[in-house]
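What the coordinates show
Residues per chain are reported as follows:
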Amino acid sequence: MSLIDLRSDLLAGPTPEMIEAMIATARAPSSYSAREDRHVRELEALTAQTLGTQDALFFPTCTMANQAALMVHCRPGDFIIADAESHVAEFEAASTAGVSNVATFRVAGVRGHLSPEQLAQALDQSEDEAMRVSVVSLENTHNRAGGTVMPASWQQQIENECRPRGIAIHLDGARLWNAAAYAGCEPLALARGVDSIAVSLNKALGAPLGAMLCGSSAFIKDASRVRRMLGGNWRPAGIVAAPAVVALKSMQKRITDDHANARHLGMVLTSEHPWLSIDLDSLQTNIVLVKLRTEEISAHRLTQRLSELGVLVVPYGDRYVRLVIYAGIGRDQIDAVLSAFSEIGQSLEAKYPDTLSTS
């Protein structure tokens with residue numbers, strides 16, 4: 001039985017063209033300095049151009065890129081303001097506190113995004129309580145909210161709140177490529193007005209690994225120092241930079257296919273299975289967040305049953321599972337996933353006919 005792995009879009013894997021670029025680079029002479037390799041230089045220049053920044057720096061992971069940004073912007077003991085379930089506040093909480101030495105003022109945003117009104121209130125509260133806030137951290141798209149995209153006007157309004165106070169804005173754009181595809185704009189349109197941006201190269205784009213941190217020349221100079229301190233001064237890195245260049249040049253236009261497949265999956269699951277629900281207004285990009293409406297099966301047990309049927313997903317707490325669509329997951333795979341859910345649904349209905357009929 002072949003597995004359909006929907007745990008994350010970082011599993012997309014490189015295309016044949018990317019693999020050829022890796023092979024060609026592996027056969028070429030290596031470089032010594034961290035930013036000497038021509039593929040690294042091309043990747044950094046191309047990313048900076050794509051996002052409209054002065055410079056960019058290649059990192060092993062987006063978590064390291066996020067934390068490097070915080071370490072440049074903040075002093076130990078500072079606060080950042082972020083959505084309560086954002087990546088830097090949730091999955092990176094130990095790094096944010098233990099590595100960057102900053103505390104997080106967590107605000108429950110709207111579908112994962114801080115509204116300008118919420119931010120203004122949080123800034124007023126932070127001043128009243130003598131919190132030294134150095135950064136407002138945004139996430140677009142927002143993972144835990146189900147891949148939602150920040151409303152178009154909010155970033156400019158947030159900039160208007162931060163600039164007079166001297167507060168930097170960092171954008172965790174691990175899936176910024178998805179946000180741009182949903183908004184129908186170039187990625188640089190979603191990067192305007194922020195001081196730093198971290199983007200993943202494997203999620204959505206399918207590069208083997210890696211992330212970029214972008215900002216001004218002065219910011220990247222400081223970030224390069226922090227990267228070295230964190231052990232991310234990898235070299236030679238041409239063998240992974242070369243396929244990332246291919247990914248950045250060739251994979252953005254096809255992202256709308258992932259969104260269409262995710263939408264199809266979510267709509268069919270919603271219409272055919274009363275024991276689960278999906279917020280279709282939040283299903284904007286490539287993440288399908290499924291909520292269980294019955295107590296007869298937990299998210300952990302559903303994850304286990306799907307695995308037994310050849311579908312891998314991620315449980316979020318006890319009531320949600322996450323399915324992520326990416327290159328290589330087409331309608332055939334979607335149909336197989338739907339069949340697995342149907343088999344589980346039929347089993348539940350046979351075992352709990354009264355309960356499932358009222359879900």
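Refer to the structure above for everything that follows.
Notes on the structure in this doc start here. (Residues numbered from 1 in each chain as written. Predicted model: local features only at pLDDT ≥ 70, side-chain atom pairs only at ≥ 80, totals over all residues. Heavy atoms only, no water.)

Things to note about the packing of helix 2 (residues 38-51) against helix 9 (residues 238-250)
Counted only if it meets this: Lines fitted to C-alpha atoms define the axes, with helix axes restricted to the stretch in contact, and inter-axis angles between N-to-C directions lie between 0 and 180 degrees. Helix and strand labels come from DSSP, where a helix needs a run of H or I of at least four residues and a strand needs a run of E of at least two; each type is numbered from the N terminus. Take the far helix as the reference: if the near one is turned anticlockwise from it by less than a right angle, the crossing is left-handed, and if turned clockwise, right-handed. The contact definition used throughout considers only heavy atoms, calling two residues in contact when any of these lie within 4.5 Å. Classification used: nonpolar for Ala, Val, Leu, Ile, Met, Phe, Trp, Tyr, Cys and Pro, charged for Asp, Glu, Lys and Arg, polar for all others including Gly.
Where helix 2 contacts helix 9, the two axes come as close as 8 Å, and the packing angle between them is 30°. Considering only the axes of helix 2 and helix 9, their crossing is left-handed. Contacts between helix 2 and helix 9 involve His39, Val40, Glu42, Leu43, Leu46, Thr47 and Thr50 from the first element and Gly238, Ala241, Ala242, Ala244, Val245, Leu248 and Lys249 from the second. Classifying every residue of the contact of helix 2 with helix 9 gives eight nonpolar, four polar and two charged.

Details of the nonpolar core
Inclusion rule: Put simply, buried Ala, Val, Leu, Ile, Met, Phe, Trp, Tyr and Cys residues joined by side-chain atoms within 4.5 Å make one nonpolar core. Accessible area is worked out with a 1.4 Å probe on protein chains only. A residue is then buried under 20% of its type maximum, exposed over 50%, and partly exposed in between.
Formed by 57 residues in total, the largest nonpolar core has its most connected members in Leu43, Phe58, Ile81, Val136 and Ile197. Here the element with the most residues in this core is helix 9; it accounts for eight residues. Once residues within four sequence positions are removed from consideration, Leu43 is found in contact with Phe58, Leu201, Met212, Ala241, Ala244, Val245 and Leu248. Counting 31 residues, the second-largest nonpolar core is a separate cluster that includes Leu269, Ala299, Val321 and Leu338.

Focus on the pairing of strand 13 (residues 320-324)
Going by this rule: Should DSSP find at least two bridges between two strands, the strands are taken to pair.
With respect to burial, strand 13 is a largely interior element, four of its five residues being buried. Where strand 10 (residues 287-292) meets strand 13, five bridges bridge the pair, whose relative direction is antiparallel. Among the inter-strand pairings, Lys291 is bridged to a residue of strand 13, identified as Tyr320. In this structure, strand 12 (residues 314-316) lies alongside strand 13, joined through three bridges in antiparallel fashion. Across the sheet, the residue bridging to Pro315 is Val321, located in strand 13. A loop of three residues connects strand 12 with strand 13, the two strands running antiparallel in sequence, and Gly317 in this loop sits at a positive phi of about 65°.

Here we look at the pattern of salt bridges
Just so we agree on the cut-off: We count a salt bridge whenever a side-chain nitrogen from Lys or Arg sits within 4 Å of a carboxyl oxygen from Asp or Glu.
This model, assessed by the stated rule, comprises 20 salt bridges. Where Glu90 meets Arg144, a salt bridge forms, and the shortest distance between an N and an O atom there is 4.0 Å. Residue Glu90 is located in the loop between strand 3 (79-83) and helix 4 (93-98), and its partner Arg144 is located in the loop between strand 5 (133-139) and helix 6 (154-162); the two are separated by 54 residues in the primary sequence. As a salt-bridge pair, Arg163 and Asp195 come within 3.2 Å of each other at their nearest N and O atoms. You can see Arg163 sitting in the loop between helix 6 and strand 6 (168-172) and its partner Asp195 sitting in the loop between helix 7 (176-183) and strand 7 (196-200), a full 32 residues away along the chain. Judged by relative accessible area, which is 28%, Asp195 ranks as partly exposed. A cluster of three or more residues bridged by salt bridges with shared partners is formed by Asp124, Glu127, Glu161 and Arg165.

With respect to the packing of aromatic side chains
Any two aromatic rings considered together are summarised by their centre-to-centre distance and by the angle between their planes. Worth spelling out the cut-off: Side-chain rings of Phe, Tyr and Trp (the six-membered ring for Trp) are treated as a pair once their centres are within 6.5 Å; stacked means planes under 30 degrees apart, edge-to-face means over 60, and tilted covers the remaining angles. For a ring to carry a charge above it, either NZ of a lysine or CZ of an arginine must fall within 6 Å of the ring centroid while also lying within 35 degrees of the normal to the ring plane.
Scanning the model with the defined rule gives two aromatic pairs in all. Taking 4.7 Å as the distance between ring centres and 45° as the angle between the ring planes, the aromatic pair formed by Phe58 and Trp234 counts as tilted. Within this pair, whereas Phe58 is found in strand 2 (residues 55-59), its partner Trp234 is found in the loop between helix 8 (217-229) and helix 9, the two being separated by 176 residues in sequence. A relative accessible area of 1% means that Phe58 is categorised as buried. The ring of Tyr32 has Arg235 lying over it, and the distance from NZ or CZ to the ring centre is 4.7 Å.

A few points about the sheet that holds strand 12
In space, the four strands of this open sheet follow the order 9-10-13-12, with antiparallel pairing throughout. Each of the sheet's edge strands pairs with one partner strand only, and the pair in question is strand 9 (276-277) and strand 12. Contacts between helix 10 (residues 255-272) and the sheet are confined to strand 9, strand 10 and strand 13, with strand 10 contributing the most and set at about 15° to the helix.

A look at the environment of Val88
By the element assignment, Val88 lies in the loop between strand 3 and helix 4. Its relative accessible area of 1% is what places Val88 among the buried residues. Discounting residues that sit within four places of it in the chain, Val88 has contacts with Asn66, Ile80, Ala82, Ala93, Thr96 and Ser137.

Some thoughts on helix 12 (residues 331-351)
Keep this limit in mind: To estimate how far a helix should reach, multiply one less than its number of residues by 1.5 Å.
Here helix 12 contains 21 residues, and its C-alpha end-to-end distance of 30 Å stays within 8% of the 30 Å for a straight helix at 1.5 Å per residue. For helix 12, every residue scored as buried is listed here: Ile334, Val337, Leu338, Ala340, Phe341, Ser342, Ile344, Gly345 and Leu348.

Concerning the packing of helix 10 against helix 12
Worth spelling out the cut-off: Every angle not falling under 35 degrees, over 145, or within 65 to 115 is termed oblique; those three ranges are roughly parallel, roughly antiparallel and roughly perpendicular.
At their nearest, the axes of helix 10 and helix 12 sit 10 Å apart, and the two run at 20° to each other. Taken together, helix 10 and helix 12 sit at an angle that is classed as roughly parallel. Once helix 10 is placed against helix 12, the crossing between them reads as right-handed. Two secondary-structure elements touch here, helix 10 through Ala260, Asn261, His264, Leu265, Val268, Leu269 and Glu272 and helix 12 through Arg331, Ile334, Val337, Leu338, Phe341 and Ser342.

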